[in-house]
Amino acid sequence: MLNFVLFGPPGAGKGTQSEKLIEKYQLIHISTGDLFRAHIKDQSALGQRVSELIANGKLVPDEITIAMLEEEVDKNPDAKGFIFDGFPRTVPQAEALDSFLERKGTSIAGVIALDVDQEELTKRIAQRQLETGRVDDQADKLQKRIEEYFSKTIHVLPYYEGQQKLSKVNGIGKIDDIFAELSAVIDQY
Ligand code: ADP
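Attention here is on the structure that accompanies the text.

Rules behind the numbers
- Residues numbered from 1 in each chain as written.
- Predicted model: local features only at pLDDT ≥ 70, side-chain atom pairs only at ≥ 80, totals over all residues.
- Heavy atoms only, no water.
- Pairing = 2+ DSSP bridges.
- Helix = DSSP H or I, 4+ residues; strand = E, 2+ residues; numbered from the N terminus.
- Axes fitted to C-alpha atoms, helices over the stretch in contact; angles between N-to-C directions.
- Near = heavy atom within 4 Å.
- Polar contact = N/O pair within 3.5 Å; in protein donor to acceptor, adjacent residues only side chain to side chain.
- Areas by Shrake-Rupley, 256 points an atom, 1.4 Å probe, with all protein chains shown as cover.
- Buried < 20%, exposed > 50% of the residue type's maximum accessible area, 1.4 Å probe, protein only.
- Expected span 1.5 Å × (residues − 1).
- Arc of directions from axis to C-beta.
- Contact = heavy atoms within 4.5 Å.
- Lys, Arg positive; Asp, Glu negative; His and termini not counted.
- Salt bridge = Lys/Arg side-chain N within 4 Å of Asp/Glu carboxyl O.
- Core = buried A, V, L, I, M, F, W, Y, C linked by side-chain atoms within 4.5 Å.
- Parallel < 35°, antiparallel > 145°, perpendicular 65-115°, else oblique.
- Left-handed = near helix turned anticlockwise from the far one by under 90°.

One open sheet accounts for five strands, arranged 2-3-1-4-5; its pairing is parallel. Pairing within the sheet leaves two strands with one partner each, and these edge strands are strand 2 (28-31) and strand 5 (166-170). Averaged over all pairs of adjacent strands, the angle between strand axes in this sheet comes to 20°, irrespective of strand direction. Sheet topology note: the strand 4 (residues 108-115)/strand 5 ladder contains five bridges and is parallel.

Here is the structure:
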């Protein structure tokens with residue numbers, strides 16, 4: 001199996017690039033944000049537990065997120081590999097992912113971080129809020145998400161750097177150019 005983590009702050013383009021990558025590499029895309037939104041839409045028990053946290057831009061507790069992620073991986077026993085998008089977002093999530101994959105006899109091959117500056121992120125998310133009406137894209141909620149990113153999620157980078165798995169790709173420019181750069185990284189594996 002070939003498993004990758006696509007890493008980056010809110011608005012970095014992880015979802016857009018994941019769509020293209022899964023098509024090219026026949027991997028399964030797992031976005032914890034998309035999964036949570038589907039649960040909220042379906043008003044499942046999990047959705048009801050997390051909706052307020054998400055609407056306010058806070059992270060969902062690790063325990064809940066990890067269990068949901070593992071369940072989703074287990075739904076795809078024949079996968080050639082996965083692209084994890086929006087997960088891990090904390091170091092305990094990264095550690096849990098490593099031990100979960102190890103139990104399955106596999107591992108994370110590489111972590112690709114999309115690099116986008118703050119000004120560009122704010123612009124993109126304001127645009128997305130207009131298009132999708134996502135409540136957590138509203139300016140005050142977004143501020144909380146950015147705080148969560150810089151207080152908790154950023155520490156995932158040195159975790160993978162220590163494992164020599166981290167690559168950085170410039171996330172500003174044409175979607176296809178960024179995709180070409182991402183593909184070049186994945187092709188090295
Ligand atoms: P973004 O556009 O900020 O990358 P996502 O769609 O990935 O957002 O996630 C939306 C929200 O879902 C997050 O702000 C958070 O509340 C919750 N969430 C998603 N993934 C995780 C995770 N791995 N751990 C905790 N909370 C998460």
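Attention shifts here to the site of the ligand. For the ligand, the set of nearby residues contains 19 residues, the closest of which are Thr32, Arg37, Lys58, Gln93 and Arg145. Between an oxygen atom of the ligand and a main-chain N or O atom of Lys58, the distance comes to 2.6 Å. One nitrogen or oxygen atom from the side chain of Arg89 is found 3.0 Å from a nitrogen atom belonging to the ligand. For the ligand, the accessible surface in isolation is 550 Å², of which the surrounding protein chains cover 97%. Of the residues forming the shell around the ligand, the biggest block, four residues, is contributed by helix 2 (residues 32-42).

With respect to the secondary-structure elements, Ile186 resides in helix 9 (residues 175-186). Relative accessible area serves as the criterion here: at 3%, Ile186 is assigned to the buried category. In the structure, Ile186 is positioned 179 residues away from Phe7 in sequence and 14 Å away in space, judged by C-alpha atoms.

The next subject is helix 7 (residues 139-151). The terminal C-alpha atoms of helix 7, which comprises 13 residues, lie 18 Å apart, in line with the 18 Å expected from a rise of 1.5 Å per residue. Turning to helix 7, its buried residues number three or more, namely Lys141, Leu142, Arg145, Ile146, Glu148 and Tyr149. When helix 7 is viewed along its axis, its buried side chains cluster within an angular range of 160° and face the same direction. Residues of helix 7 that are exposed and point more than 90 degrees away from the buried face comprise Ala139 and Asp140. Those residues of helix 7 hidden inside the fold are in contact with strand 1 (3-7), helix 3 (45-55) and helix 6 (118-132).

Turning our attention to the side chain of Lys165. Structurally, Lys165 can be placed in the loop between helix 8 (156-162) and strand 5. Buried and unpaired, Lys165 has no salt bridge, with Asp98 as the nearest side chain of opposite charge at 4.9 Å. Residues within four places of Lys165 in sequence aside, it is in contact with Ile108, Ala109, Gly110, Val111, Tyr160 and Tyr189.

Among the nonpolar cores identified, the biggest contains 31 residues, and Val5, Phe7, Phe84, Leu97, Ile108 and Tyr160 are the most heavily contacted of them. Of all elements in the fold, only strand 1, helix 2, helix 3, helix 4 (62-74), strand 3 (82-85), helix 5 (91-103), strand 4 and helix 8 reach the threshold of two or more residues within this core. Excluding its chain neighbours within four sequence positions, the residues that come into contact with Leu97 are Val5, Leu69, Phe84, Phe87, Pro88, Ile108 and Tyr160. Of all hydrophobic cores here, the second largest spans 18 residues; its members include Phe4, Leu21, Ile112 and Val116.

Before going further, it helps to spend a moment on the packing of helix 6 against helix 7. Where helix 6 meets helix 7, the axes come as close as 12 Å, and the angle between the chain directions of the two elements is 140°. It follows that helix 6 is oblique to helix 7 by the angle criterion. Pair helix 6 / helix 7 crosses with right-handed handedness. Of helix 7, the residues touching helix 6 (which contributes Gln118, Ile125 and Arg128) are Leu142, Arg145, Ile146 and Phe150.

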